[in-house]
Amino acid sequence: MNRKPELIVCVGTAPKDKEAAIRDACRRLAEAGCVDERYAESMLKREQTANTFLGAGIAIPHGDLADKGRVKRDGLAVLQVPRSVPWGNAQNARLIVAIAAAGDGHLAMLRRLTGIVQDEALVEKLCATADAAEIKAALLSDKLDAAPAAAPATDFSVVAEWTVDYPAGLHARPALAWTEFAKATKTPLKVRRGDAVANPRQLVSLLHLGVKFGEKLVVSADGDRAALTEFIAQIASLTARERADSARTAVKKKNVAAQPAWTPPDATESFSGVAASPGLAVGEIFHFDAVEIKVADQPGSLEKSGAELEAAINQAKAQLTALVDKATRQIGAGDAAIFKAHIGVLTDPEVIAECCRHLVAGHGAAWSWHRAIEFVASSLEHADNPLLAARAADIRDAGRRVLTVLEPDLAAAAPVLPDRPVILVARDLSPSATAGLDARRVSALALAAGSATSHTAILARTLGIPAVVAAGRDWLRAPNGETVIIDGDAGWLYRRPSAVAITAAREEIARRESVRAERATRRALPAVTSDGKKIIAAANINTPDQAPLALEMGAEGVGLMRTEFLFLERADIPDENEQFITYCQMANALGGRPLIVRALDIGGDKQVPQLHLPREDNPFLGVRGARLLLRRPDLFAPQMRALYRAAASGAALSVMFPMITDLAELTELRERCEHIRRELAAPAVPLGIMIEVPAAAVLAATFAETADFFSIGTNDLTQYTLSMDRQNPELAASADSFHPAVLRLIKQTVDGAAARKRPVGVCGGLAGTPSGAAILAGLGVSELSMTPRDLPEVKEVIRSRPMTEFVALAHRCLAATAPEQVREWAGECVKSR
């Protein structure tokens, strides 16, 4: 049996930096006989390759496993630093717990420490106390040993009640917003449901509450009434969005309500499940159950394991960022927010703390991460609450992304769909797997488990894939290749149907498809006003595989290809040849239609870990877009060479540069492009600029002398014009592209371009709304580029009115004094069609 570890606590220390703190802690461990005097070098070496910051102002420096021989017995030296000491990555440590681990006697205290991290009030108390005994008592207390996520069922001094009026309860998407609201204030907050207490800064902690619609919560703040009032106002502000999402989901669930119920014309073996996504399908079964995850423990040095895990989490976050963008375009921002919540899971303190416990105990990165994810997911799954059980699937889904980076063989082991349409049968599917399905190869889903309110069901409805869930395990015995009928409207599954039943089902499917096709033909019609003025309708997409959907929705080309997503979804940097192939594939997929490629736009909300860019306090105001391209010829030259090679191969493409603010930037970029073009003997391609900052809009007439075209990014133009971060949840509603100031800058851009007859497009969010499209057409914009699924409605709006009415609307909106007026007037115009 291991001896009880030595616990040394020193309060009121003030080391000058991290190295001094580690050396001081190691000196005290050496004086207590726990380590030899060289152990500090081992700890400092570990800090060079991985960060030991645990969270909430607590750091846990420890040595390399290779230096375990320098540890004589278990010990912990705790330095309290009331004024904090920088610990790297803009993190400040106030409690430094230096660990000497000979055996496993320290693990009990480490488990308690990860519990302390999640109790802000206790952390504050321990960082301020002048009594070392208080810190010792906290680390030795049995109360924190059993359940790290638990917090005492008590409230802070300032208390208020709030009744949850979100129709779906406190699920992952609003919970993520709560964490953002809570992190924006320095005041400690608590949320209590009965005897269960959560820290609202932590996503998993909130999900553990399992809050349903109509339940009363006690929200409290530590002495700050204003902060509490503001927090409650913010969470209440989500109600309208949650109700709208719920209504939209309800509509999707009844999407084919106008269709009469279908029943087989003769007796057929049937199974009853839960209707999750409407539609009728006939096809062969293909079993798609996920491969059971088995992660071997491959212990390594702590610095190596820590560095591997940090890199894998960063890459998984980059993948999810790209997935959010892709899902936003394919299924809408509301459903794409599912994956924003997954990003929150990857850095949740409970998950990280649980993983750290295993790493410190000497286990490998993949094994430690897998155990941490399973621990947190199981705690939700076993809470006897269907809402929490559904969120457990999200925890595992997010966690698996990190695992497949650490263990690529896990990704390779995933089942591959055949190249023909099938009925996909599985026990259940993760949201990521569902979002990645190709609707052309999946006729329907038949799941043994799941619910109609799960994220998987929501995504199936959005993708238009018929689905039945909760069909039971007996259904899984149906063999591959067997023909079945799935009725997603009524929740029935039919096995071994007769030839008569199959024919009847296919006739009904054909009839429904005929109705859809008639509606789809209108998508292909051009966006021409009733008095003959043409507006080009294009799509914003990232990769060639997204082009077919864009064309199906009526796109006349691509107005924005975001090339940064070639970098975001991978761990390395694509070379020139790989980029060349991608651009050629995109051009081929468009069949000669126009393609506008945006040069690499990194910075702001799009960070690429493998580029190793320096951290910036204000990335939206820092080195991003054109500024980065001019500083990084290693990124600029390969991309432009690939683009000019694609043009030489026949691609009908144009290139635009992001974040241009100064004419000198554009001049230098054009000179570099011309040098590359001559070197390759490639044809000239139009070179345009993004209008994203007020400076570019004001100088539009000047830029028009040099730029071949303009494309207005209304999302960035809005945030820079109004000085509002569009990602800040407190400001998102106010960062409104309908603001008259934004419209006037757009008009100034159009007027500046007109003198040189330069075309002006809009590729921001404003173009994808019916009201916004009507105003932009009236302002003189010649191209509207948007998310593919927005195209049909926007084209209908353009076709519904003469240009004279749009011009009159735009003129009126330019004179408005508030965005509310603009929305009202534009809404009236659109509704009256």
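Everything discussed here concerns the structure shown above.
Predicted, not measured: the structure shown is a model, and the values here were computed from it. (Residues numbered from 1 in each chain as written. Predicted model: local features only at pLDDT ≥ 70, side-chain atom pairs only at ≥ 80, totals over all residues. Heavy atoms only, no water.)

**Student:** How should I be thinking about the overall build of the chain in this particular structure?
**Tutor:** Looking only at helices and strands, the chain has 32 helices and 26 strands in total. Expressed as a percentage of the 833 residues in the chain, the buried residues total 55%. Within the chain, contacts between residues separated by at least 24 positions form 71% of all contacts whose residues are at least 6 apart in sequence. When the accessible surface of the chain is totalled, it reaches about 33700 Å², and 52% of it is carbon and sulfur. (Helix = DSSP H or I, 4+ residues; strand = E, 2+ residues; numbered from the N terminus. Buried < 20%, exposed > 50% of the residue type's maximum accessible area, 1.4 Å probe, protein only. Contact = heavy atoms within 4.5 Å. Areas by Shrake-Rupley, 256 points an atom, 1.4 Å probe, with all protein chains shown as cover.)

**Student:** Help me understand the sheet that holds strand β6 (residues 158–163) in this model?
**Tutor:** Pairing between sheet strands relies on hydrogen bonds along the backbone, with the strands arranged either parallel or antiparallel. Here we have 4 strands laid out as an open sheet, ordered β6-β9-β7-β8, and antiparallel in their pairing. In this open sheet, the two edge strands, each paired with only one partner strand, are β6 and β8 (196–198). Adjacent strand axes in the sheet meet at a mean angle of 25° when their direction is disregarded. Pairing analysis gives 3 bridges linking strand β7 (residues 189–193) to β8, with the strands arranged antiparallel. From the neighbouring strand, R193 faces β8, where its bridge partner is A196. In this fold helix α8 (residues 225–236) packs onto β6, β7 and β9 (216–221), with an angle of close to 10° to the strand it touches most, β6. (Pairing = 2+ DSSP bridges. Axes fitted to C-alpha atoms, helices over the stretch in contact; angles between N-to-C directions.)

**Student:** Help me understand the pattern of salt bridges in this model?
**Tutor:** One pass over the structure, following the stated rule, counts 38 salt bridges. Where R641 meets E576, a salt bridge forms, and the shortest distance between an N and an O atom there is 2.9 Å. Of the two residues, R641 is situated in helix α23 (residues 633–648) and E576 in helix α21 (residues 576–590); the sequence distance between them amounts to 65 residues. Here R672 ties to E668 by a salt bridge, and the two come within 2.5 Å at their closest N and O atoms. Taken together, the positions of R672 and E668, both in helix α24 (residues 663–680) and 4 residues apart, correspond to about one turn of that helix. The exposure class of R672 is partly exposed, given its relative accessible area of 24%. By sharing partners, the salt bridges in this structure join E564, R598, D601, R624 and D716 into a single network. (Salt bridge = Lys/Arg side-chain N within 4 Å of Asp/Glu carboxyl O.)

**Student:** Could you clarify how one ought to interpret the side chain of T543 in this entry?
**Tutor:** Mapped onto the secondary structure, T543 falls in the loop between β19 (534–541) and α19 (547–552). Within polar-contact distance, the side chain of T543 engages the side chain of D545 at 2.5 Å. (Polar contact = N/O pair within 3.5 Å; in protein donor to acceptor, adjacent residues only side chain to side chain.)

**Student:** Help me understand the sheet that holds strand β17 (residues 492–495), please; the structure alone is not making it clear to me.
**Tutor:** Ordered by their spatial adjacency, 8 strands build an open sheet running β10-β17-β16-β12-β13-β14-β15-β11, and the pairing between neighbours is mixed. Since the sheet does not close on itself, it has two edges, and those belong to β10 (269–272) and β11 (274–277), each with one partner. Here the average twist between neighbouring strands, direction ignored, is 30°. One ladder, built from 4 bridges, connects strand β16 (residues 483–487) with β17; its direction is antiparallel. Along β17, the bridge assignment pairs V484 with R495.

**Student:** I keep staring at unusual backbone geometry and nothing clicks. Help me out?
**Tutor:** Phi is mostly negative for residues that are not glycine, and the peptide bonds are mostly trans. A positive phi angle is found at A470, which is not glycine, with a value near 55°. Within the secondary structure layout, A470 lies in the loop between β15 (467–469) and β16. One non-glycine residue with positive phi stands out, namely K757, at about 55°. As for its position among the elements, K757 is in the loop between α28 (740–754) and β25 (760–762).

**Student:** Even after reading the chapter, I still don't get helix α30 (residues 791–799), so can you show me in this structure?
**Tutor:** Given 3.6 residues per turn, any residue in an α-helix points the same way as the ones three and four places further on. Of all 9 residues that make up α30, 7 are buried, and the element is covered over most of its length. Those residues of α30 not exposed but buried are L791, P792, V794, K795, V797, I798 and R799.

**Student:** Could you clarify how one ought to interpret the nonpolar core in this entry?
**Tutor:** Soluble globular proteins tend to bury their nonpolar side chains together. Residues M640, F657, F710, I746, I775, L776 and L784 are the most contacted members of the largest nonpolar core, which totals 99 residues. Sort the elements by how many residues they give to this core and α23 lands first, with 8 residues. With 61 residues, the next largest nonpolar core counts L207, V211, W367 and A377 among its residues. (Core = buried A, V, L, I, M, F, W, Y, C linked by side-chain atoms within 4.5 Å.)

**Student:** Looking at this model, I keep getting lost on the pairing of strand β4 (residues 75–86). Mind explaining?
**Tutor:** A regular strand places its side chains so that they alternate between the two faces of the sheet. Here strand β1 (residues 6–10) pairs with β4 via 5 bridges, running parallel. The partner of L7 across the bridge, within β4, is L76. Bridge count between β4 and strand β5 (residues 92–100): 8 bridges; the pairing is antiparallel. Counted as the bridge partner of V85 is A93 from β5.

**Student:** Is there a simple way to explain the packing of α23 against α24 in this structure?
**Tutor:** Helix-helix packing: each pair is described by the crossing angle between the helix axes and the interaxial distance. Between α23 and α24, whose axes approach to 10 Å, the crossing angle comes to 55°. Classified by the interaxial angle, the pair formed by α23 and α24 is oblique. As for how α23 packs across α24, the hand of that crossing is right-handed. Between α23, through F636, A637, M640, R641, Y644 and R645, and α24, the contact on the second element is made entirely by L669, R672, C673, I676, R677, E679 and L680. (Parallel < 35°, antiparallel > 145°, perpendicular 65-115°, else oblique. Left-handed = near helix turned anticlockwise from the far one by under 90°.)

**Student:** Got a minute to help me understand the packing of aromatic side chains in this structure?
**Tutor:** On inspection of all chains with the given rule, the structure shows 6 aromatic pairs. For the ring pair W162 and W178, a centre distance of 6.0 Å and an interplane angle of 65° mean the geometry is edge-to-face. Highlighted residues: W162 in strand β6 and W178 in helix α6 (residues 172–183), separated in sequence by 16 residues. W178 carries the same exposure label as W162, and that label is buried. Taking 6.0 Å as the distance between ring centres and 80° as the angle between the ring planes, the aromatic pair formed by W178 and F231 counts as edge-to-face. Of this pair, W178 sits in helix α6 while F231 sits in helix α8, placing them 53 residues apart in sequence. (Phe/Tyr/Trp six-rings, centres within 6.5 Å; stacked < 30°, edge-to-face > 60°.)

**Student:** What's the story with the pairing of strand β26 (residues 783–786) in this structure? I'm lost.
**Tutor:** Along β26, one buried face is formed by E783 and S785 and the opposite face, lined by L784 and M786, is buried too. Bridging between β19 and β26 involves 4 bridges; their strand directions are parallel. Counterpart to I536 in the pairing with β26 is E783.

**Student:** Would you explain the environment of G768 in this entry?
**Tutor:** On the secondary structure map, G768 appears in the loop between β25 and α29 (770–779). Under the relative-accessibility criterion, G768 is labelled buried at 12%. In the structure, G768 is positioned 27 residues away from K795 in sequence and 9.9 Å away in space, judged by C-alpha atoms. Once residues lying within four places of it in the same chain are set aside, the contact partners of G768 are M786, D790 and V794.

**Student:** Help me understand the packing of α6 against α8, please; the structure alone is not making it clear to me.
**Tutor:** Relative orientation of the contacting elements α6 and α8 amounts to 155°, with a least axis distance of 10 Å. It follows that α6 is roughly antiparallel to α8 by the angle criterion. In the packing of α6 onto α8, the handedness of the crossing is right-handed. For the pair α6 and α8, the contacting residues are W178, F181 and A182 in the first and F231, Q234 and I235 in the second.

**Student:** In this structure, what is going on with α29? I would like to understand it.
**Tutor:** Taken across its 10 residues, α29 has 10 buried, putting it largely inside the fold. For α29, the set of buried residues is P770, S771, G772, A773, A774, I775, L776, A777, G778 and L779.

**Student:** Honestly, the environment of A177 in this entry has me stumped. Any pointers?
**Tutor:** Note that A177 resides in helix α6. Given the relative accessible area of 8%, A177 is considered buried. Spatially, the C-alpha atom of A177 lies 7.9 Å from that of I235, the residues being 58 residues apart in sequence.

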